[in-house]
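Breakdown of the fold
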Amino acid sequence: MERVRYHFVVREFVTAYGQELKIVGSLPELGGWDAASAPQMTWLEGHRWKLDIVLPKTPFQFKVTMVHGSDVRWEQGPNREVEAGSDHAAHSMAP
């Protein structure tokens, strides 16, 4: 299956020490809706978080989660969706 590089960015999201953001979603590479198995985002100066990841070129859904130990806080609202064949391989999200 063809694969696509995605660039996820969360802008200006302040966390406390020990908290991390993860992209959790319907694909196995995004944890299959299991936050413990999902990829962690990287913190950058200015309280920006990013994740660069290669995923199958197929539709999927995802949410941003904040994880601190065993506590998981899910993004509010409906799941975010990515269509197969989308030219938008970058997803920038506000908190």
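Computed from a predicted model, the values in this text were never measured in an experiment. (Residues numbered from 1 in each chain as written. Predicted model: local features only at pLDDT ≥ 70, side-chain atom pairs only at ≥ 80, totals over all residues. Heavy atoms only, no water.)

1. What to know about the pairing of strand β4 (residues 48–56)
Here 8 bridges tie strand β1 (residues 3–10) to β4, and the two strands are oriented antiparallel to one another. Note that in β4 the partner of Arg5 across the bridge is Val54. Of the pairings in the sheet, the one linking strand β3 (residues 42–44) to β4 comprises 3 bridges and is antiparallel in character. Note on β4: the bridge partner recorded for Thr42 is Lys50. Hairpin remark: β3 followed by β4, antiparallel, with 3 residues in the connecting loop; positive phi at Gly46, about 85°. (Pairing = 2+ DSSP bridges. Helix = DSSP H or I, 4+ residues; strand = E, 2+ residues; numbered from the N terminus.)

2. Here we look at unusual backbone geometry
Phi at Trp33 takes a positive value of approximately 70°, unusual for a residue other than glycine. Along the chain, Trp33 falls in the loop between β2 (20–25) and β3. Among the residues examined, Trp33 registers a relative accessible area of 31% and is labelled partly exposed. The phi angle at His47 is positive, at roughly 60°, despite the residue not being glycine. Judged by relative accessible area, His47 falls into the partly exposed class, the value being 31%. (Buried < 20%, exposed > 50% of the residue type's maximum accessible area, 1.4 Å probe, protein only.)

3. Some remarks on the nonpolar core
Tyr6, Phe8, Ile23, Leu30, Met41, Leu55 and Phe60 are the most contacted members of the largest nonpolar core, which has 18 residues in total. Sorting the residues of this core by element identifies β1, β2, β4 and β5 (60–68) as the ones contributing at least two each. (Core = buried A, V, L, I, M, F, W, Y, C linked by side-chain atoms within 4.5 Å.)

4. Some points on the side chain of Thr65
Mapped onto the elements, Thr65 comes out in strand β5. By relative accessible area, which is 1% here, Thr65 ends up buried. For Thr65, the contacting residues outside a window of four places in its chain are Glu20, Leu21, Lys22, Val24, Ala35, Val72, Arg73 and Trp74. (Contact = heavy atoms within 4.5 Å.)

5. Considerations on the pairing of β5
Within a regular strand, the side chains alternate between the two sheet faces. Where burial is concerned, most of β5 is hidden: 7 out of the 9 residues are buried. One ladder, built from 6 bridges, connects β2 with β5; its direction is antiparallel. When the bridges of β5 are listed, Ile23 appears paired with Val64. In terms of strand pairing, β5 meets strand β7 (residues 80–82) through 3 bridges, oriented antiparallel. When the sheet's bridge partners are listed, Gln61 is paired in β7 with Glu81. In terms of strand pairing, β5 meets strand β6 (residues 71–74) through 4 bridges, oriented antiparallel. Pairing of His68 across the sheet is with Asp71, part of β6.

6. Structural notes on the packing of aromatic side chains
Tallying each qualifying case throughout the model produces 5 aromatic pairs. Here the aromatic rings of Tyr6 and Phe60 are separated by 5.3 Å at their centres, their planes lie at 90°, and the arrangement is edge-to-face. Taken as a pair, Tyr6 in strand β1 and Phe60 in strand β5 lie far apart in primary sequence, 54 residues in all. Under the relative-accessibility criterion, Phe60 is labelled buried at 3%. Geometrically, the ring pair formed by Phe8 and Phe62 is edge-to-face, given 5.1 Å between the ring centres and 75° between the ring planes. One end of the pair, Phe8, is in strand β1; the other, Phe62, is in strand β5, with 54 residues separating them in the sequence. Note on Phe8: relative accessible area 0%, which makes it buried. Linked through ring pairs, Tyr6, Phe8, Phe60 and Phe62 together constitute an aromatic cluster. (Phe/Tyr/Trp six-rings, centres within 6.5 Å; stacked < 30°, edge-to-face > 60°.)

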